[in-house]
Amino acid sequence: MMKRVIRKVAVLGSGIMGSRIACHFANIGVEVLLLDMVPKELNAEEQATGADLNSKKVRDRIVNTALESTLKSNPSAVFSKKVVDKISTGNFDDHMKDIASCDWVIEVVVERLDIKKLIYDQVEKFRTPGTLVSSNTSGIPIHLMAEGRSEDFRSHFCGTHFFNPPRYLRLLEIIPTAQTKPEIIDFLMHYGDKFLGKTTVLCKDTPAFIANRVGVYSIMALLHLVEKMDLTVEEVDKYTGPALGRPKSATFRTTDVVGLDTMINVAGGLYTNLPEDKAHDLFQLPDYVQKMQENKWLGDKTKQGFYKKVKGADGKSEILALDLKTLEYRTQEKIKSPTLEAAKLVENLSERMKVFAKGTDKAAEFFRHSFFGLFEYVSDRIPEISDELYRIDDAMRAGFGWELGPFEVWDAIGLKNSLEGMKKYGNEASEWVHEMLQAGYDSFYKVENGVRKYYDIPSQSYKPIPGSGSFIILDNLRSTNTVWKNSGTTILDLGDGILNIEFHTKMNTIGGEVLQGLNKAVDLAEKDYKGLVVGNDGANFSAGANIGMIFMAAVEQDWDEINMAVRMFQNTMMRMRYSSIPVVAAPHNLTLGGSCELCLHADFVQANAETYLGLVEFGVGLIPGGGGSKEFALRLSDEFREGQIEQAALRERFLTIGQAKVSTSAIEAVELGYLQKDKFAVSMNRSRLIIDAKEKAIELADAGYTKPVQRKDIRVLGKQGLGIVYAGANSMLAGNFISEHDKKISEKLGYVLCGGDLSAPTLVSEQYLLDLEREMFLSLCGEKKTLERIQSILTKGKPLRN
């Protein structure tokens, strides 16, 4: 079998999805050719300037305008502005010939089969034989698009359905035809997983494939249930949000963002194409949704949907909710539910599902109605849309942001009890579920020896989930591989001489118990192991150090206590670097304050692409006190090169901390100075992060890792640099850009970065800078304004993190 390498991709169609798919390929370093139509007429601006329809600027206007719009979108479609250099643009008429140099051609034009076929005529004409061709269609049958094409085209053709926005939603559905070569399917499944960072789900060529088939059913069933149970918009979004392991936008807010018309179109397609589906009638629109469609209340794109943002007489904005009975907007109502309150107390999501299932109020009744119907629907979809049940769960987690898929929720509340409950609500599971239970199998998943297995229906046995050997799931190891634990951490043996320490405090914040665990992990690794990984499977790596204790000690003016706590944090961070074993940090998502400082001190950082690093202490009136300020001074020294203006580098690094900059990706974290090019790597797929970090730790250990020596050669500028810092702070104050307190924090930070008020540039040690950092940190803890900022955050109910 030939080795297939993707160096260049052509994306045909530059709309919302096309341009974002192009950006995501550029994110991973692939060269992209983005093409779209030639305009048929000049726009007003072109007419005013006397432009010609034949000019390149006009002919490429559609594609360039679309790409520019995408690059302005928030959240950003790109890891860094620099990746845009990987994208070249053009039009179908002039540049389709250039796809001959591409390894993969992805069609993302309008959802009309006739137009897609015209595009494929051109692709067939210019593509190099053996080139991959795929469609991002969300609903047109893949086999219809392949009809009439050459054998080579058909054997290399597949559906590749990305979800919007492609950078952030992890699902990539792979939909082959009967003619698609098996090796092409295998390649796309692997490439999507490893290089694009996706959960790749193999789908059958059925209407809406897997995620939209189940997801739209779930939404449509809910829209009808709203009428049956007399539910409000606020109730539904409260019941179907984070408490249920779903996104904050829940149901109706998500529909407003995506567009009610989009959901209506998919539902309409399912109603037309699935006459035999038992849930066929549910795909019809309820009356209130039809009226919303007629009124063009489609969500954010029309400025109103299930919610509407208005300005009151006082000029303040308010978000109103739609009354589904009167179709009038009104002030949102507070939702109270004993079941929701009880669920909040249960951190484990699977256990929380049992609270909903056993509740007696409206929220619990809603849960049972919606999930019992969903259980029936997904069990009936096997083998229609998938032969394996785990693919349905994978699709719903990755495509709709559900923390638990339908079968996982079913397991959580108990299969046997739920079957009895389903009958009371008029629902019946598919026959294979009853046969499974009769055969003595009472769960869809099980974990054996750290390996997660799913129930395979044809063989009536449990089988390992394919590809799971490429991942390390800490949840599956905890019962068998725990070496040590305390209230805030667990140390696990990952095998091959590598330990992992995970945090499990609230938002994985770093307090005394976590520092104890980190030191214990190094002790154990130095004694009996080869290396250490710091990583977890939580929603975030860590929101930083919990400074609630610092606040309380400052209020009591217990400076000795604060000094001891900060010294312990600094010493622990230094142990991350100066131990006899390699330490690899594996951050993902929020990695702020103290956890960013941990990454600064690790021997290597194996970061998920979606890692948001930042030293954010300025926001609470402090400077980084766990070695972060020291480390920036050290890196500043290493960046000084002969002929470089040191003051410019000082200013750049000072502003990174002073403006509490947080990277929008791991790539941007390098540009901000949080990560170093030669000491970090990116794992595109979040699920591969721990195993990638483990492999790096093994690599470092096997290369003969030796304990580093603390630095004593750090060049600091002293008064020469302080003058620049103080002048800048005074200028900002004079312009009313910062407060007096901000000026004071700026001067304290500058004092550390410059090594104090030394009379001339000098070489100093790390310990010298740590002592200076701790002294400045302590002095700010006693400031009234600092305490007020922390207290303000506390009273607003926000977590205190730095």
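For the structure itself, consult the block above.
To keep things clear, this report deals only with the structure shown in the data block. (Residues numbered from 1 in each chain as written. Predicted model: local features only at pLDDT ≥ 70, side-chain atom pairs only at ≥ 80, totals over all residues. Heavy atoms only, no water.)

### Observations concerning the overall build of the protein
Each helix and strand in the protein was counted, giving 34 helices and 25 strands. Its C-alpha atoms give the protein principal-axis dimensions of roughly 80 × 70 × 70 Å. Accessible surface for the protein amounts to roughly 34,800 Å². Of this, 51% is attributable to carbon and sulfur atoms. If the 99 positive side-chain charges of the protein are averaged to one point and the 107 negative ones to another, these points end up 3 Å apart. (Helix = DSSP H or I, 4+ residues; strand = E, 2+ residues; numbered from the N terminus. Areas by Shrake-Rupley, 256 points an atom, 1.4 Å probe, with all protein chains shown as cover. Lys, Arg positive; Asp, Glu negative; His and termini not counted. Charge placed at Lys NZ, Arg CZ, Asp CG, Glu CD.)

### With respect to unusual backbone geometry
For residues besides glycine, phi is generally negative; the peptide bonds are generally trans as well. With an omega of 0°, the peptide bond between Asn-164 and Pro-165 qualifies as cis. Counting through the fold element by element, Pro-165 comes out in the loop between strand 6 (157-162) and strand 7 (171-176). Pro-383 follows Ile-382 through a cis peptide bond whose omega is 10°. With respect to the element layout, Pro-383 can be found in the loop between helix 17 (362-380) and helix 18 (389-400).

### Here we look at the sheet that holds strand 4 (residues 104-107)
A sheet is described by the order of its strands in space; here 8 strands give the open sequence 3-2-1-4-5-6-7-8, paired in mixed fashion. Edge strands, defined here as strands with exactly one partner in the open sheet, are strand 3 (87-91) and strand 8 (199-202). Taking each pair of neighbouring strands and ignoring which way they run, the sheet shows an average axis angle of 25°. Summarising the sheet, strand 6 and strand 7 pair through 5 bridges and their orientation is antiparallel. Along strand 7, the bridge assignment pairs Phe-162 with Leu-172. Strands strand 4, strand 5 (132-135), strand 6, strand 7 and strand 8 of the sheet are contacted by helix 9 (residues 182-194), whose axis makes an angle of about 155° with strand 8. Across the face of the sheet, helix 18 comes into contact with strand 7 and strand 8 while running at roughly 140° to strand 8. (Pairing = 2+ DSSP bridges. Axes fitted to C-alpha atoms, helices over the stretch in contact; angles between N-to-C directions. Contact = heavy atoms within 4.5 Å.)

### A look at the sheet that holds strand 10 (residues 317-323)
Overall, antiparallel pairing links the 3 strands, which are arranged 9-10-11 in an open sheet. Taken across any chain shown, the strands that pair with only one partner, and hence form the sheet edges, are strand 9 (307-311) and strand 11 (328-330). If you compare each strand with its neighbour and ignore which way they point, the axes differ by 40° on average. Bridge count for strand 10 against strand 11 is 3 bridges, and the pairing is antiparallel. What sits directly across from Leu-322, in strand 11, is Tyr-329.

### Re the environment of Lys-336
Counting through the fold element by element, Lys-336 comes out in the loop between strand 11 and helix 15 (338-344). Between the alpha carbons of Lys-336 and Glu-235 there is a distance of 8.8 Å; along the sequence they are 101 residues apart.

### Quick notes on the nonpolar core
Counting 112 residues, the largest nonpolar core has Leu-12, Phe-306, Met-353, Phe-407, Trp-410, Trp-432 and Phe-444 as the members making the most contacts within it. If one sorts the elements of this core by residue count, helix 10 (residues 211-229) sits on top with 12 residues. Formed by 78 residues, the second largest nonpolar core is a distinct cluster that contains Ala-525, Val-534, Ile-562 and Ile-581. (Core = buried A, V, L, I, M, F, W, Y, C linked by side-chain atoms within 4.5 Å. Buried < 20%, exposed > 50% of the residue type's maximum accessible area, 1.4 Å probe, protein only.)

### Examining the packing of aromatic side chains
Applying the stated criterion across every chain, the model contains 30 aromatic pairs. Measuring from ring centre to ring centre gives 5.6 Å for Tyr-239 and Phe-366, while their planes differ by 45°; the resulting arrangement is tilted. One end of the pair, Tyr-239, is in helix 11 (residues 233-239); the other, Phe-366, is in helix 17, and 127 residues separate them in sequence. Exposure class is identical for Tyr-239 and Phe-366. Each is buried. Counting every residue linked through ring pairs, the aromatic cluster contains Phe-356, Phe-367, Phe-371, Phe-372, Phe-375, Phe-407, Trp-410, Tyr-425, Trp-432 and Phe-444. Stacked on the ring of Trp-402, the Lys or Arg Arg-246 has its end atom at 3.6 Å from the ring centre. Positioned above the aromatic ring of Tyr-445 is the side chain of Arg-452, whose terminal nitrogen or guanidinium carbon lies 4.0 Å from the ring centre. (Phe/Tyr/Trp six-rings, centres within 6.5 Å; stacked < 30°, edge-to-face > 60°. Lys NZ or Arg CZ within 6 Å of the ring centre and 35° of its normal.)

### Thoughts on the side chain of Arg-577
Tracing the backbone through its elements, the reader meets Arg-577 in helix 25 (residues 559-577). If sequence neighbours within four positions are ignored, Arg-577 has contacts with Leu-600, His-601, Asp-603, Lys-630, Glu-631, Leu-634, Arg-635, Tyr-705, Pro-708 and Glu-766.

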